[in-house]
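# Observations on the model geometry
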Amino acid sequence: MATPVVRLRTVALDCPDPHALAEFYAGLIGGTIHDGDGDGEWVELLAPGRVRIAFQRSEGHTPPEWPRSDGNGQQFHLDFDGGSTWAEIDTAQERAFALGARPLDLDDGDGKRDWRVYADPAGHPFCFCLVTDGDA
């Protein structure tokens, strides 16, 4: 195993309203919201497990289009453990919808896929993945 050069500090997402998007993700994964400068331009969510997601104001933000891979395709997406059963993922999905998520791709491929794809309120794709024994 190679010696790491650096340690991942933060995943930052561009969006039109950093506070609103931080609230959305706090509702999904928990954590504490911080706006160090108080100007709402850069807002951080410090979540359990040393996870840090930052939200940066971007006027005129254009969300990626799922599942494109051209000029307006997704640059990356976030994967979350959604539960160890489809019933748990269904519950997580309903809670995500109540927070403002919208569905992008809920087709499980006749049981061949173990994830579902959603968009956050700013349009960034994220997945709820089925947790299996190999994920522990």
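Conventions adopted
Residues numbered from 1 in each chain as written. Predicted model: local features only at pLDDT ≥ 70, side-chain atom pairs only at ≥ 80, totals over all residues. Heavy atoms only, no water. Core = buried A, V, L, I, M, F, W, Y, C linked by side-chain atoms within 4.5 Å. Buried < 20%, exposed > 50% of the residue type's maximum accessible area, 1.4 Å probe, protein only. Helix = DSSP H or I, 4+ residues; strand = E, 2+ residues; numbered from the N terminus. Contact = heavy atoms within 4.5 Å. Pairing = 2+ DSSP bridges. Axes fitted to C-alpha atoms, helices over the stretch in contact; angles between N-to-C directions.

What follows concerns the nonpolar core. Of all hydrophobic cores here, the largest spans 22 residues; its most connected members are Leu13, Leu21, Tyr25, Phe55, Leu78, Phe126 and Phe128. If you list the elements that add at least two residues to this core, you get strand 1 (11-15), helix 1 (18-29), strand 3 (42-47), strand 4 (51-57), strand 5 (78-83), helix 2 (86-99) and strand 8 (125-130). If you tally residues by element for this core, the top one is helix 1, at five residues. Filtering out sequence-adjacent residues up to four positions away, Tyr25 remains in contact with Leu13, Gly30, Leu45, Phe55, Leu78, Phe80, Asp120 and Phe126.

Of note, Phe24 is situated in helix 1. Residues Phe24 and Ala101, 77 residues apart in the sequence, show an inter-C-alpha distance of 8.4 Å. Non-local contacts of Phe24, meaning those with residues more than four positions away in its chain, are made with Ala96, Leu99, Gly100, Ala101, Asp120, Pro121 and Phe126.

Once that is clear, we can look at the sheet that holds strand 4. Sheets are built from strands that pair by backbone hydrogen bonding, the pairs being arranged parallel or antiparallel. If you trace the four strands from one edge of the open sheet to the other, you get 1-4-3-2, paired in mixed fashion. For this open sheet the edge positions go to strand 1 and strand 2 (32-34), each flanked by a neighbour on one side alone. Geometrically, the sheet is characterised by an average inter-axis angle of 20° between neighbouring strands, direction not taken into account. Here strand 2 runs beside strand 3; their pairing, made up of three bridges, is antiparallel. Residue pairing in the sheet places His34 in a bridge with Glu44 of strand 3. This element, helix 1, spans strand 1, strand 2, strand 3 and strand 4 of the sheet and lies at about 10° to strand 3.

Moving on, we come to unusual backbone geometry. The phi angle at Arg50 is positive, at roughly 60°, despite the residue not being glycine. Tracing the backbone through its elements, the reader meets Arg50 in the loop between strand 3 and strand 4. Residue Arg50 is classed as exposed on the basis of its relative accessible area, which comes to 67%.

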